[in-house]
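Here is how the chains run, residue by residue.
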Amino acid sequence: MAARRAGLVAGEYRSGRPGTPCAVSRHRGEPARGPTLLEDFQAREKITHFDHERIPERVVHARGAGAYGHFQPYEDNGLADLTTAQFLTDPGRRTPVFVRFSTVAGSRGSADTVRDVRGFATKFYTDEGNYDLVGNNMPVFFIQDGIKFPDFVHAVKPEPDNEMPQAASAHDTFWDFVGLQPETLHMVMWLMSDRALPRSYRMMQGFGVHTFRLVDAQGRGTFVKFHWKPLLGSHSLVWDECQKIAGKDPDYNRRDLWESIEAGQFPEYELGVQLVEESREFDFDFDLLDATKIIPEEVVPVRPVGRMVLDRNPDNFFAETEQVAFHTANVVPGIDFTNDPLLQARNFSYLDTQLIRLGGPNFAQLPVNRPVAEVANNQRDGYGQQRVHRGRTSYFKNSLSGGCPALADEGAFTHYQEKVEGHKIRKRSESFKDFYGQATLFWNSMAPWEREHIVAAFRFELGKVDHQHVRETVVQQIEQIDHELAVAVAEGVGVAAPSGGTPNHGRSSPALSLVNQGADTIATRRVAVLVADGVDATEVSQIRRELSERGAMAEVLGLRDGDVRSADGDEVPVDRAMNTMGSVLYDGVIVPGGAESVRALSGDGFAVHFVAEAYKHNKPVAASDEGMELLQRAGVAEARKPTGTDGVVTELGVVTAAHTGGALPEGFIAEFAAALGKHRAWERDTSSVPA
Ligand code: HDD
């Protein structure tokens, strides 16, 4: 018995399979206490390996989530004449991809729903080697020149004395940097907008940001900007919601990506390009090589090129998502760089950072980084070398191996041919000097609710800044973008209303507004159905069925886990207990009828708050019959009973139904789905609803 307690009996050590005894037999009857010896190599190796399990997190974009999939060009996408990159032009070719989405500023363990830019990095494993499109969910960047990148990152990261705040730009050093570097302002407008709060990685755009170059068989170039467009449309959360999700489910975006792929609801994105002939390089009122500028889509339309589907989750987070190494200089024939000074710096930085992060020069041999194309170079040895190179030659030129492998200038990579000249000064040209014009363009393109959110974001962020002079400097900078915006921000942060800015040029670009980036679908949307004992079971099954027919997902939430008993005495299964979730984790809420059920819910603070909060966040809210009482209790101003015994009323995303038994009236779910399809009822004024 004593030996058993001491863990010395065969079968006490269990293998990975639950319940399977390990085949190792142990000595019976020996003393229970033994020494810990250095010679116990198993213990040493185990502890040593554990001691070395961590690698440095990425210096930026430390937190991310990845997925595998494939990319396939559309028929006749028109690029065949412009580039030799066949993965972009051959409709018969399916190129495997790995995509990593990320936040920028936070550490690996930070929350997903912080206000931040999102990384959108794609590795195409093409037949001609890996092509990495290392982009973001915003089409511009904070700075024009790579030498400022360490300063920018130091400013936005937690402050160096006390390492606060985590994963937030709402602090003095970030806004001090912004105030003194007006080239940041266009990107700051994107950061203050709802684009910085994506509902899902599956519902945000991606951009290559820089102007790159396509190169044809004759070596002729065409400028190109890359765009990813999600087929589910682009949608965002609201800031109050984000802050709450950061506590309720810090893995919100990561979980959403994982679960949708596991459920077979594969995220899809369309790749598009904006093309500019080289001869038109100087036709714009900005510099094409300035990464703080967009080419408005109304000036150069986005041409669809192909489709990417993400259909497989990684098997192991560390091996794949953590060890994936992107590098802007991973290009394939047919795609090339430009003299964008930010891009040139990136082409140095990404390789450099992997050397420290992944511990040496052989990281490209890690499974997730390995090209499918054959690798032929003379690189040898180094830490973690995986390949056994054969033969006597590891140099070029050689006569002993028939000259192989041949390197650059022998066909593997040739620079795009152009004459480059300049003075040895670290300066950008006058063409990079308009810091405000496109920030104004962005502001002008926003819908009224988007503007309100931007003003609120500036007020929140600057409201966290301790130094009054920093607040004042930033407000002065905003004044150069738009006077009304600057006054609204100034009012909120205790700064005198500014004057003397450049007048607003009045131009706008509709594609910049989220209003114009939706999609006519409710696929994969999550709807909470609130129930308690006495609920109308027919309604619950109808809601489930009709939402699922439209591709959305109903989750039944009870006050406790387990089943509830319906008014007719049936058992209605509960998917989750309400206290483990929150309205912020759903896209909409429905309260079915059933007097007893609604009475119980109306008497429960959590259930009342659930509805009130969804309403506050402009989400579709619906109720049938008695369910309306819960809406009224939650302060849903638009909750009105339909006149007559049967019918449906919809007002500002609040859908209510009355019926005389049996099925829910026709139109109830259809109108709720229509409201869900608009994502939020932005026109609903919820400013007086408690948060
Ligand atoms: Fe960067 C990572 C996107 C400018 C230096 N960057 C990184 C990732 C993304 C971007 C998506 C994460 C890749 C992954 O998932 O592993 N970065 C951008 C975009 C930029 C940009 C769209 C501007 C257009 N970056 C930029 C500059 C520099 C860097 C100017 C340096 C001069 N970026 C890095 C880095 C990182 C990185 C330090 C950190 C981890 C890594 O590379 O692999 O090298």
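The name an unreviewed UniProt entry assigns to the protein chain is Catalase, from the organism Saccharopolyspora elongata. The UniProt entry for the protein chain carries the following comment under Sequence similarities (unreviewed entry): "Belongs to the catalase family. HPII subfamily." Per UniProt, the protein chain carries the Catalytic activity (unreviewed entry) text "2 H2O2 = O2 + 2 H2O".

Asks: What should I look at first to understand the nonpolar core in this one?
Replies: Buried together is how nonpolar side chains tend to be arranged in soluble globular proteins. Ranked by internal contacts, the top residues of the largest apolar core, which has 89 residues, are Phe-142, Trp-175, Phe-458 and Leu-530. In terms of nonpolar packing, the next biggest core, distinct from the first, is built from 35 residues, Val-224, Leu-271, Val-332 and Phe-337 among them.

Asks: Sorry if this is basic, but what is going on with the pattern of salt bridges here?
Replies: Close approach of charged atoms allows side chains of opposite charge to pair. Tallied over the entire structure, the rule returns 39 salt bridges. Residue Asp-251 pairs with Arg-255 through a salt bridge whose shortest N-O separation is 3.8 Å. Its relative accessible area of 28% is what places Asp-251 among the partly exposed residues. Given the relative accessible area of 36%, Arg-255 is considered partly exposed. A salt bridge links Arg-525 to Asp-587; the shortest N-O distance between them is 3.0 Å.

Asks: Looking at this model, I keep getting lost on the coordination of the iron atom of the ligand. Mind explaining?
Replies: Six octahedral donors around a metal ideally make angles of 90 or 180 degrees; four tetrahedral donors ideally make 109.5 degrees. Counting protein donors around the iron atom of the ligand gives one, Tyr-350 (OH), at 1.9 Å. Here Tyr-350 is to be found in helix 10 (residues 341–357).

Asks: Looking at this structure, how should I read the domain arrangement of the protein chain?
Replies: For an interface, size is often stated in terms of accessible area lost upon the parts coming together. By the assigned domains, the protein chain splits into domain 1 (64–365), domain 2 (441–516) and domain 3 (526–677). For domain 1 and domain 2, the distance between their C-alpha centres works out to 26 Å. Contact residues are listed per partner, giving 28 residues for domain 1 and 28 residues for domain 2. Across the domain 1/domain 2 interface, buried area totals approximately 2,500 Å², and carbon plus sulfur atoms make up 68% of it. Scanning the region where domain 1 abuts domain 2 turns up two salt bridges. Summed over the shared surface of domain 1 and domain 2, the number is ten residue pairs in polar contact (both at pLDDT 80 or more). It is helix 6 (residues 185–192) that contributes the most residues to the side of domain 1 that touches domain 2, six residues altogether. Grouping the amino acids of the side of domain 1 that touches domain 2 by side-chain chemistry returns twelve nonpolar, eight polar and eight charged.

Asks: What is the right way to look at unusual backbone geometry in this model?
Replies: Outside of glycine, negative phi angles account for most residues, and trans bonds account for most peptide bonds. Each neighbour pair has its own omega, and for Phe-396 with Lys-397 the value is 0°, a cis peptide bond. If you trace the backbone, Lys-397 turns up in the loop between helix 10 and helix 11 (437–444). Omega for the peptide link from Cys-404 to Pro-405 comes to -10°, which places this bond in the cis form. Considering the arrangement of structural elements, one finds Pro-405 in the loop between helix 10 and helix 11. Positive phi, normally seen in glycine, also occurs at Thr-524, with a value near 70°. Along the polypeptide, Thr-524 turns up in the loop between helix 14 (483–493) and strand 11 (526–531).

Asks: Can you help me understand the site of the ligand in this one?
Replies: In the region of the ligand, 23 residues are neighbours, and Arg-58, Arg-100, Arg-346, Tyr-350 and Gln-354 sit closest. Between the ligand and Arg-58 there is a distance of 2.8 Å, counted from an oxygen atom to a side-chain nitrogen or oxygen. At a separation of 2.7 Å, a nitrogen atom of the ligand approaches a polar side-chain atom of Tyr-350. Elements that contribute at least two residues to the shell around the ligand include exactly strand 3 (118–126), strand 4 (129–136) and helix 10. A per-element tally of the shell around the ligand places helix 10 first, with seven residues.

Asks: I tried to follow the environment of Trp-239 on my own but got confused; where do I start?
Replies: With respect to the helices, strands and loops of the structure, Trp-239 is situated in helix 7 (residues 239–248). Trp-239 sits 46 residues away from Ser-193 along the chain, and the two C-alpha atoms are 9.9 Å apart. Discounting residues that sit within four places of it in the chain, Trp-239 has contacts with Thr-113, Val-114, Arg-115, Leu-197 and Phe-460.

Asks: I keep staring at the environment of Asp-340 and nothing clicks. Help me out?
Replies: Residue position: Asp-340 is located in the loop between strand 10 (335–336) and helix 10. Residue Asp-340 is classed as buried on the basis of its relative accessible area, which comes to 0%. Dropping the residues within four chain positions of it, Asp-340 is found in contact with Gln-144, His-210, Leu-289 and Ala-291. Polar contacts involving the side chain of Asp-340 include one to the main-chain amide nitrogen of Leu-342, which spans 2.8 Å.

Reading the values: the criteria
- Residues take numbers from 1 onward in each chain, read along the sequence in its written order.
- Local features in this predicted model are restricted to residues whose pLDDT is 70 or higher, and side-chain atom pairs enter the listing and the counts only when it is 80 or higher, whereas totals over whole chains, interfaces and linings include all residues.
- Side-chain figures throughout are based on the complete set of non-hydrogen atoms in the structure, without hydrogens or water.
- UniProt positions are given in the numbering used here, feature names are shortened, and annotations may be inferred rather than shown by experiment.
- What we call a nonpolar core is a set of buried Ala, Val, Leu, Ile, Met, Phe, Trp, Tyr and Cys residues that are connected through their side-chain atoms within 4.5 Å.
- For every residue, the accessible area (1.4 Å probe, protein chains only) is compared with the maximum for its type, and the residue is labelled buried under 20%, exposed over 50%, or partly exposed between those bounds.
- Note on definitions: salt bridges are taken to be side-chain nitrogens of Lys or Arg within 4 Å of carboxyl oxygens of Asp or Glu.
- Coordinating donors are taken to be N, O and S atoms lying within 2.8 Å of the metal, or within 3.2 Å when the metal is Na, K or Ca; because water is excluded from the atom set, some sites may appear incomplete.
- Only DSSP runs of H or I with at least four residues qualify as helices, and only runs of E with at least two residues qualify as strands; both kinds are numbered from the N terminus onward.
- Throughout the structure description, domain borders are defined by an automatic or database domain assignment.
- By the convention used here, residues are in contact when the closest approach between their heavy atoms is within 4.5 Å.
- Values labelled buried area give the accessible surface lost by two parts on being combined, using a 1.4 Å probe and summing over both.
- Between N or O atoms, a polar contact is any pair within 3.5 Å; within protein, one atom must be a potential hydrogen donor and the other a potential acceptor, and residues adjacent in sequence are included only when both atoms are from side chains.
- Residue polarity follows a fixed list, in which Ala, Val, Leu, Ile, Met, Phe, Trp, Tyr, Cys and Pro are nonpolar, Asp, Glu, Lys and Arg are charged, and the others, Gly among them, are polar.
- We call a residue near a given molecule or strand whenever any one of its heavy atoms falls within 4 Å of it.

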